[in-house]
Amino acid sequence: MVLKLHGLSVSISTARVVACLHEKSVDFELVPVDLFACENKQPEFLAKNPFGKVPVLEDDDITLFESRAITAYVAEKFKETGHDLIRHENLNEAALVKVWTEVESKQYNPAIDPIIFEFFAKPVVGMEPDQTVIDASLEKLKKVLDVYEARLSNKKFLAGDFYSLADLHHFPGTFYFMKTPWSSLVNDRPHVKAWWEEISAKPASKKVAEGMNFGEV
Amino acid sequence: MVLKLHGLSVSTCTARVVACLHEKSVDFELVPVDLFARENKQPEFLAKNPFGLVPVLEDDGITLFESRAITAYVAEKFKETGHDLIRRENFNEAALVKVWTEVESQQYNPAMEPIIFEFFAKPVVGIEPDQTVIDASLEKLKKVLDVYEARLSSNEFLAGDFYSLADLHHFPGTFYFMKTPWSSLVNDRPRVKAWWEEISARPASKKVAEGMNFGEV
């Protein structure tokens, strides 16, 4: 069965899974979910994800949600194809992938997500961005990126000298962030900048970026 | 080498790992970190976790941080002993554990943590709880618990009819929450209440609870 991914290509969480599927060279069908029409709050969708959020992955006899659970599933199920995103043959490397995946989830994303929301999403529905929220988030993000700068000074990627799920999870949010007026937070940190350029040059990253035209309506 | 866990028994994140170590019957040494003296911001600690947060796990040749990465490592490394927390022999069950582990991380914890912080942590340093923050968090938490109530109506535990890491991760935060004036959010939902009673009756849960005397100073 061809995997079905319910979501929207412009959505960061959906893009996170799409990038992973591309890295693993896995065929899938992207089934659009009309968020503006609140399709995600209808019973048919809630039966797939009771939290009413995209993305949702349907495979043979399983339905999954939460983008980082889906990428972990895909990376594990298709561990023999495409890029090894989870270092499944080395327990210590696999552990470091888990650590830096959690860092993206608990440190990086909470700092970057409000900036994307305020700057891109609010104007789409006619609301003014809240600069106080943006400023507070930028301060948090700077601290996280300082840690990344130090980390990437002696490692090529976050979990080690290998591209992994930990780096991949950063791609969609950072892609949008680099279109904001505050991209200098990345560009002024030489190792973070080099890391960003490397991960966005990957074919899978370029492919998923094609669908991420949120700021260019 | 006996595992060294740097942290504090009253910290929910440290307790999350302690509960997992008990479930897996793994020996470890708890090395206290003096958060009040800001030991976690000193260079020696930052060398272990550049984000300056507890807990940190030291094992042969590796240092890990982020509690949910540590529990995943422990559950994988010691998969042959104690309780099977990750359903490693059933691919679909393992995937559902990942989904509901992400739910705790992305939906439950962000709703619950501010309540614990406002109600327990602030008074310790002489600051008044912010009731607006608590109220907003309670509204979020109710919605999450409604989903749990439905989920637990057809599954004994969150990922399926088996206790897993997904349930375990909820224990420490919920333990404190049940000591707040808003425990009715759990007690008024019969399936959630039954689930809570079941997971807190486990020997490992009782053991970790012994060190969690935050509200009883």
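Please read all numbers here as calculations on a predicted model, not as lab measurements.

Colleague: With reference to specific residues and values, describe the interface of chain A and chain B.
Modeller: Taken together, the contact pairs 30 residues of chain A with 32 residues of chain B. The junction of chain A with chain B conceals about 2,700 Å² of combined surface from both sides, 70% of it contributed by carbon and sulfur atoms. Taken together, the links from chain A to chain B amount to 5 residue pairs in polar contact (both at pLDDT 80 or more). Contributions of two or more residues to the side of chain A that touches chain B are made by β4 (62-65), α3 (67-77), α4 (91-124) and α5 (131-154) of chain A. Ranked by residues supplied to the side of chain A that touches chain B, first place goes to α4(A) with 12 residues.

Colleague: How would you explain the packing of aromatic side chains if you had to name every residue and give the values?
Modeller: Any pair of aromatic rings gets described here by the distance separating the centres and the angle formed by the planes. Inspection of the entire model under this criterion finds 27 aromatic pairs over all chains. Seen in terms of ring centroids, B:Y108 and B:Y148 are 5.4 Å apart; in terms of plane orientation they differ by 10°. Their pairing is stacked. Of this pair, B:Y108 sits in helix α4 (residues 91-124) while B:Y148 sits in helix α5 (residues 131-154), and the two are 40 residues apart along the sequence. Of the two residues, B:Y108 and B:Y148, neither departs from the other in class, the shared state being buried. For the pair B:F119 and B:F120, a centre-to-centre distance of 5.1 Å together with 90° between the ring planes defines the contact as edge-to-face. Put simply, the rings of A:F119, A:F120, A:F171, A:F175, A:Y176, A:W182 and A:W196 touch in pairs and so form one group of aromatic residues. Lying across the ring of A:Y163, A:K202 places its NZ or CZ 4.2 Å from the centre. Positioned above the aromatic ring of B:Y163 is the side chain of B:R202, whose terminal nitrogen or guanidinium carbon lies 3.8 Å from the ring centre.

Colleague: Tell me about the nonpolar core, and please be specific about residues and values.
Modeller: In this structure, A:W100, A:Y148, A:F177, B:W100, B:Y148 and B:F177 are the most contacted members of the largest nonpolar core, which totals 135 residues. If we ignore the near neighbours within four places in the chain, the residues touching A:Y148 are A:W100, A:V103, A:E104, A:Y108, A:L158, A:H170, A:V192, A:W195 and B:F51.

Colleague: How would you sum up the UniProt feature "domain: GST N-terminal" (unreviewed entry) in chain A? Please name residues and give values.
Modeller: Sequence positions flagged by UniProt for "domain: GST N-terminal" (unreviewed entry) are, in local numbering, residues 1-82 of chain A. Strand forms 22% of residues 1-82 of chain A and helix 33%; the C-alpha atoms that close the span are 19 Å apart.

Colleague: Give me the lowdown on the packing of α4(A) against helix α3 (residues 67-77) of chain B, citing residues and values where you can.
Modeller: For the pair α4(A) and α3(B), the least separation of the axes is 8 Å and the interaxial angle reads 155°. With respect to α3(B), the axis of α4(A) lies roughly antiparallel. For α4(A) against α3(B), the interelement crossing comes out right-handed. For the pair α4(A) and α3(B), contact is made by A:L91, A:N92, A:A95, A:K98, A:V99, A:E102 and A:K106 and by B:R68, B:A69, B:A72, B:Y73, B:E76 and B:K77, respectively. Looking at the contact of α4(A) with α3(B) residue by residue, the classes come out as 6 nonpolar, 1 polar and 6 charged.

The rules we used
Residues numbered from 1 in each chain as written. Chains lettered and ligands numbered in written order. Predicted model: local features only at pLDDT ≥ 70, side-chain atom pairs only at ≥ 80, totals over all residues. Heavy atoms only, no water. Contact = heavy atoms within 4.5 Å. Buried area = accessible area lost by both parts, 1.4 Å probe. Polar contact = N/O pair within 3.5 Å; in protein donor to acceptor, adjacent residues only side chain to side chain. Helix = DSSP H or I, 4+ residues; strand = E, 2+ residues; numbered from the N terminus. Phe/Tyr/Trp six-rings, centres within 6.5 Å; stacked < 30°, edge-to-face > 60°. Buried < 20%, exposed > 50% of the residue type's maximum accessible area, 1.4 Å probe, protein only. Lys NZ or Arg CZ within 6 Å of the ring centre and 35° of its normal. Core = buried A, V, L, I, M, F, W, Y, C linked by side-chain atoms within 4.5 Å. UniProt positions renumbered as here; feature names shortened; annotations may be inferred. Axes fitted to C-alpha atoms, helices over the stretch in contact; angles between N-to-C directions. Parallel < 35°, antiparallel > 145°, perpendicular 65-115°, else oblique. Left-handed = near helix turned anticlockwise from the far one by under 90°. Nonpolar A, V, L, I, M, F, W, Y, C, P; charged D, E, K, R; others polar.

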